[in-house]
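Fold and geometry: a report
Residue strings, one per chain:
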Amino acid sequence: IAAVLMRLPDEDERALINRVKAIAPLVQKADAALILDGHAGIVARSGADGAHLTGLAAFQDAAAALKPDRIAGIGGLETRHDAMVAAESGADYVMFGDNARPSIDALIERVAWWADVFEVPCVAYATALDEIAPLVEAGADFVAVGDAVFSDPRGVAAAIAEASTRLSLTEAST
């Protein structure tokens, strides 16, 4: 696990900062980055490693405050043009498939296009564990698993173990 994307409830800023301060050391001790979903304004004060911003406007508003010390990633990209602008604007990564999820074939095509053209890392959002291998084979640098892991009836640990196995098998075949 390279990063944990933390979604926060609607609370006052102090409560959010305290919540992140309690989690950040645990995630970072496991050598993973703690990325807040939005909330770029509390990243530094809470000890998080960065923010995942949805849409080009949110990214452009927050990137200057995060960079260069914190991660500024972007998702919710609806067009190739928006992804290119984000990369040119200094995004540390782009995520595809996290907003208005296209078909898996369309997502694989988008990831492959990105991997062929750009150096900025690409995160692909898998809605099922069997999507991991095709996304990695298409060129995704990272795969976000979300509900594919957290809703697995076998439990999170079993789902993460399977996801890790699928990644290992994919890496061994390339």
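What this report covers is the structure whose coordinates are included nearby. Computed from a predicted model, the values in this text were never measured in an experiment. (Residues numbered from 1 in each chain as written. Predicted model: local features only at pLDDT ≥ 70, side-chain atom pairs only at ≥ 80, totals over all residues. Heavy atoms only, no water.)

Okay, the layout of surface pockets next. Considering only enclosed or pocket space, the largest pocket measures out at about 1100 Å³ in volume. What lines the largest pocket is a set of 37 residues, and nearest its centre among them are I1, A3, V143, A144 and V145. It is helix α8 (residues 156-173) that contributes the most residues to the lining of the largest pocket, six residues altogether. Computed from the structure, the second largest pocket encloses a volume of approximately 180 Å³. (1 Å grid on protein atoms, 1.4 Å probe; cavity = no way out; pocket = protein on both sides within 12 Å on 5 of 7 lines; lining within 4 Å. Points joined across faces, edges and corners; volume = space filled by probe spheres on them. Helix = DSSP H or I, 4+ residues; strand = E, 2+ residues; numbered from the N terminus.)

What follows is about a nonpolar patch on the surface. Taken together, I1, V4, F150, V156 and I160 make up a surface patch of nonpolar side chains, about 460 Å² in accessible area. Within the secondary structure layout, I1 lies in the segment before β1 (3-6). (Patch = residues over 30% accessible without salt bridge, like charges linked within 9 Å, V, L, I, M, F, W, Y side chains within 5 Å. Areas by Shrake-Rupley, 256 points an atom, 1.4 Å probe, with all protein chains shown as cover. Salt bridge = Lys/Arg side-chain N within 4 Å of Asp/Glu carboxyl O.)

The next point concerns the environment of D98. Assignment of secondary structure puts D98 in the loop between β5 (93-96) and α5 (104-117). Relative accessible area serves as the criterion here: at 29%, D98 is assigned to the partly exposed category. As a C-alpha pair, D98 and G75 span 23 residues in sequence and 6.5 Å in three-dimensional space. Leave out the neighbours within four places in its chain, and D98 touches H52, G75, G76 and Y125. A polar contact of 3.3 Å, which involves the side chain of D98, links it to the side chain of H52. Separated by 3.1 Å, the side chain of D98 and the backbone nitrogen of G76 make a polar contact. (Buried < 20%, exposed > 50% of the residue type's maximum accessible area, 1.4 Å probe, protein only. Contact = heavy atoms within 4.5 Å. Polar contact = N/O pair within 3.5 Å; in protein donor to acceptor, adjacent residues only side chain to side chain.)

It is worth stressing that arrangement in space is one thing and function is another; only the former is reported here.
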